[in-house]
Amino acid sequence: MEKKKILVVDDEEKSSKLLEDYFLEKGYEVIIARDGQDALDKTRDCNPHLIIMDIVLPRINGWEACMQIKQDPRYDHIPVVMSSSLFEEYDQPKEYQAGDAYINKPVNLDHLLSIVKKSLNQ
């Protein structure tokens, strides 16, 4: 059975390493991107099954990268889980225009795994 590919987009190495280790242990393939532009490039190159994307990123922020992915018919089917410690600062309508699910930081890994499995119909 093919391993599901998860693209983790976070400019904080500690956060991305935590998610990488966790999802590798759970049997997923993990790809890391450090900023929004890198996320767009790796989405095109790797065609992941799911993306976990921080909002506050260099070059292109997570909202913009997510909207570009969702506007491209080649990739609009990919579930995007937005993550941030700043959700309270964002207005609700904008949140629901971008990603498919949202999780606050610090991330509860078991809760995130349940979101990932639901998003991937596992």
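Section: the nonpolar core
Okay, step 1: Counting 20 residues, the largest nonpolar core has L7, V9, I51, M53, I69, V80 and M82 as its most contacted members.
Okay, step 2: Sorting elements by how many residues they give to this core places helix α3 (residues 62-70) first, with four residues.
Okay, step 3: In terms of nonpolar packing, the next biggest core, distinct from the first, is built from 19 residues, Y28, I52, I103 and V116 among them.

Focus on the packing of helix α1 (residues 13-25) against helix α5 (residues 109-119)
Okay, step 1: α5 packs onto α1 with a crossing angle of 60° between their chain directions and a minimal axis gap of 12 Å. Considering their axes alone, α1 and α5 lie oblique with respect to each other. Crossing hand, α1 versus α5: right-handed. Contacts between α1 and α5 pair L18, L19, Y22 and F23 from the former with L109, D110, L112, L113 and V116 from the latter.

Section: α1
Okay, step 1: An ideal rise of 1.5 Å per residue puts 18 Å on 13 residues; α1 measures up with 18 Å between its terminal C-alpha atoms.
Okay, step 2: Residues S15, S16, L19, Y22 and F23 constitute the buried set of α1. The buried residues of α1 occupy an angular sector of 130° when the element is viewed end-on, so they sit on one face. Those residues of α1 that are exposed and angled more than 90 degrees off the buried face are E13, K14 and E25.
Okay, step 3: Following α1 by one or two positions, G27 adopts a phi angle in the positive range, close to 95°.

Focus on the environment of S85
Okay, step 1: Residue position: S85 is located in the loop between β4 (80-84) and α4 (92-95).
Okay, step 2: Taking the C-alpha atoms as reference points, S85 and I103, 18 residues apart in sequence, are found 8.6 Å from one another.

Calculation criteria
Residues numbered from 1 in each chain as written. Predicted model: local features only at pLDDT ≥ 70, side-chain atom pairs only at ≥ 80, totals over all residues. Heavy atoms only, no water. Core = buried A, V, L, I, M, F, W, Y, C linked by side-chain atoms within 4.5 Å. Buried < 20%, exposed > 50% of the residue type's maximum accessible area, 1.4 Å probe, protein only. Helix = DSSP H or I, 4+ residues; strand = E, 2+ residues; numbered from the N terminus. Axes fitted to C-alpha atoms, helices over the stretch in contact; angles between N-to-C directions. Parallel < 35°, antiparallel > 145°, perpendicular 65-115°, else oblique. Left-handed = near helix turned anticlockwise from the far one by under 90°. Contact = heavy atoms within 4.5 Å. Expected span 1.5 Å × (residues − 1). Arc of directions from axis to C-beta.

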